[in-house]
Amino acid sequence: MELSSFIAVAVMAGLITITLAGNFYNDMDITFGSERAKILNGGQDLSLSLDRFSGSGFQSKHEYLFGRFDMQLKLVPGNSAGTVTTFYLSSQGAGHDEIDFEFLGNSSGNPYTIHTNVFAQGKGEKEQQFHLWFDPTTAFHTYTIVWNSHRIIFLIDNIPLRVFSNYEAYGVPYPKSQPMRVYASLWNADDWATQGGRVKTDWTKSPFIASYRNFNADANMVGVNPKFTTFGNNGQAWSTQGLDAAGRNRIRWVQSKYMIYNYCKDNTRFAGRLPAECKRPKLL
Ligand SMILES: *[C@@H]1O[C@H](CO)[C@@H](O)[C@H](O)[C@H]1NC(C)=O
């Protein structure tokens with residue numbers, strides 16, 4: 001029996017209860033930076049590096065339409081000013097959809113900024129930014145995007161920090177019909193990323209390295225049979241996932257203590273005409 005059919009049978013029989021994480025060799029293609037992106041440990045680990053000539057990046061071989069995407073990351077340590085590490089989903093072409101996690105580095109001793117955004121049919125401008133309740137450079141932490149037809153949830157170590165709900169009923173576009181790939185990259189943006197571009201990258205500290213581990217997509221894979229990658233032991237729980245009472249408590253804690261920017265509060269930027277979803281009751 002082939003391994004894949006063995007796994008399918010074993011999953012149906014309930015024999016596999018552990019999460020079988022993906023493998024970077026099977027799941028990803030290096031897209032830029034060539035030897036600066038390294039797959040290590042038989043495909044379990046991947047490191048990206050950035051020097052003064054180039055950054056590096058990778059993308060998933062498959063496209064997905066809804067799912068839960070987990071990635072463990074350890075960010076550039078020390079003086080990471082001007083570096084941007086990313087983990088995001090995006091479709092291609094005009095009017096694209098995108099769901100972003102971006103990690104903006106900082107000078108030593110100053111906190112990273114976690115930048116999130118959602119694009120639907122080419123339109124973004126839905127940023128929320130956070131500081132973290134831990135140091136993201138000393139250990140791996142799990143960053144998760146849950147994307148279903150009802151909502152998008154951003155989580156870190158299973159703690160929800162942001163929910164972007166489907167407000168199509170109020171005329172707000174929502175990503176729901178364009179398949180997306182998973183992308184990750186490490187690049188330089190010292191013209192804007194750190195303290196508005198005032199703090200520049202210290203190239204004497206290069207190469208800068210960010211590490212990725214244990215990618216897992218529990219998702220609806222497009223054009224592949226069987227189309228569901230139900231390797232996670234929660235089956236397709238993501239397809240209806242929302243926040244329960246504990247999740248609502250946790251998101252309130254994160255947003256009250258660690259949120260540093262919310263587009264829905266930026267009256268100046270939108271000249272008093274906040275986007276429609278900002279004026280609706282929160283749907284968690
Ligand atoms: C860097 O540190 C400063 C000072 O603590 C903080 O205001 C800022 O949000 C941090 N992040 C970035 C990306 O500038």
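Residues numbered from 1 in each chain as written. Predicted model: local features only at pLDDT ≥ 70, side-chain atom pairs only at ≥ 80, totals over all residues. Heavy atoms only, no water.

A. How the structure looks around the layout of surface pockets. Here the second largest pocket is characterised by a volume of approximately 460 Å³. Gln 128, Val 163, Asn 262, Cys 264 and Lys 282 are the residues nearest the centre of the second largest pocket, which is lined by 20 residues in total. Contributions of two or more residues to the lining of the second largest pocket are made by β12 (159-165), α3 (245-258) and β15 (259-262). Top element by residues in the lining of the second largest pocket is β12. It accounts for four residues. Here the lining of the second largest pocket is composed, by residue class, of ten nonpolar, four polar and six charged. (1 Å grid on protein atoms, 1.4 Å probe; cavity = no way out; pocket = protein on both sides within 12 Å on 5 of 7 lines; lining within 4 Å. Points joined across faces, edges and corners; volume = space filled by probe spheres on them. Helix = DSSP H or I, 4+ residues; strand = E, 2+ residues; numbered from the N terminus. Nonpolar A, V, L, I, M, F, W, Y, C, P; charged D, E, K, R; others polar.)

B. Molecular detail of the sheet that holds strand β7 (residues 98-104). Pairing is antiparallel across the open sheet formed by eight strands, whose spatial order is β1-β4-β13-β6-β7-β8-β9-β15. On the outer flanks of this sheet lie β1 (28-32) and β15, each paired with one strand and no other. For this sheet, the mean angle separating the axes of adjacent strands, direction not counted, is 15°. Bridging between strand β9 (residues 128-130) and β15 involves three bridges; their strand directions are antiparallel. (Pairing = 2+ DSSP bridges. Axes fitted to C-alpha atoms, helices over the stretch in contact; angles between N-to-C directions.)

C. Local environment of the site of the ligand. In the vicinity of the ligand, the contacting residues are Leu 104, Gly 105, Asn 106, Asn 110, Pro 111, Thr 113, His 131, Ala 193, Thr 194 and Gln 195. Within the side chain of Asn 106, one N or O atom sits 2.5 Å away from an oxygen atom of the ligand. In this structure, Gln 195 approaches the ligand through a main-chain N or O atom, which is 2.8 Å from an oxygen atom. For the ligand, whose accessible area on its own is 360 Å², the fraction buried by protein is 70%. Broken down by class, the residue content of the shell around the ligand amounts to three nonpolar, seven polar and no charged. (Near = heavy atom within 4 Å. Polar contact = N/O pair within 3.5 Å; in protein donor to acceptor, adjacent residues only side chain to side chain. Areas by Shrake-Rupley, 256 points an atom, 1.4 Å probe, with all protein chains shown as cover.)

D. Structural detail: the environment of Tyr 88. Locating Tyr 88 in the fold gives a position in strand β6 (residues 83-90). Note: C-alpha distance between Tyr 88 and Val 182 (94 residues apart in sequence) is 5.8 Å. Those residues in contact with Tyr 88 that lie beyond four places of it in its chain are Glu 98, Ile 99, Asp 100, Phe 101, Ile 145, Arg 181, Val 182, Tyr 183 and Ser 185. (Contact = heavy atoms within 4.5 Å.)

E. Layout of the side chain of Asp 266. Relative to the elements of secondary structure, Asp 266 occurs in the segment after β15. Buried and unpaired, Asp 266 has no salt bridge, with Arg 269 as the nearest side chain of opposite charge at 4.7 Å. Residues within four places of Asp 266 in sequence aside, it is in contact with Tyr 261 and Leu 274. (Buried < 20%, exposed > 50% of the residue type's maximum accessible area, 1.4 Å probe, protein only. Lys, Arg positive; Asp, Glu negative; His and termini not counted. Salt bridge = Lys/Arg side-chain N within 4 Å of Asp/Glu carboxyl O.)

F. Focus on the sheet that holds strand β5 (residues 64-74). Taken together, the seven strands give an open sheet; going across it, the order is β2-β3-β14-β5-β10-β11-β12, and neighbouring strands pair in antiparallel fashion. Single-partner strands in this sheet number two, and they are β2 (37-40) and β12. On average, each strand axis in the sheet is tilted by 20° relative to the strand beside it, whichever way the strands run.

G. Spotlight on the packing of aromatic side chains. Inspection of the entire model under this criterion finds 18 aromatic pairs. Taking the centre distance of 5.9 Å and the plane angle of 45° together, the rings of Tyr 167 and Tyr 170 count as tilted. Under the relative-accessibility criterion, Tyr 167 is labelled buried at 7%. In this structure Tyr 170 comes out as partly exposed when scored by relative accessible area, which is 40%. Taken together, Phe 87, Phe 101, Phe 103, Tyr 143 and Phe 154 form an aromatic cluster joined through their ring pairs. (Phe/Tyr/Trp six-rings, centres within 6.5 Å; stacked < 30°, edge-to-face > 60°.)

H. Molecular detail of the environment of Gln 72. Position of Gln 72 among the secondary structure elements: in strand β5. Classification of Gln 72 by relative accessible area gives buried; the value is 16%. A C-alpha to C-alpha distance of 5.0 Å links Gln 72 and Arg 213, two positions 141 residues apart in sequence. When sequence neighbours within four positions are dropped, the list of residues in contact with Gln 72 reads Phe 140, His 141, Thr 142, Ser 211, Tyr 212, Arg 213 and Asn 214.

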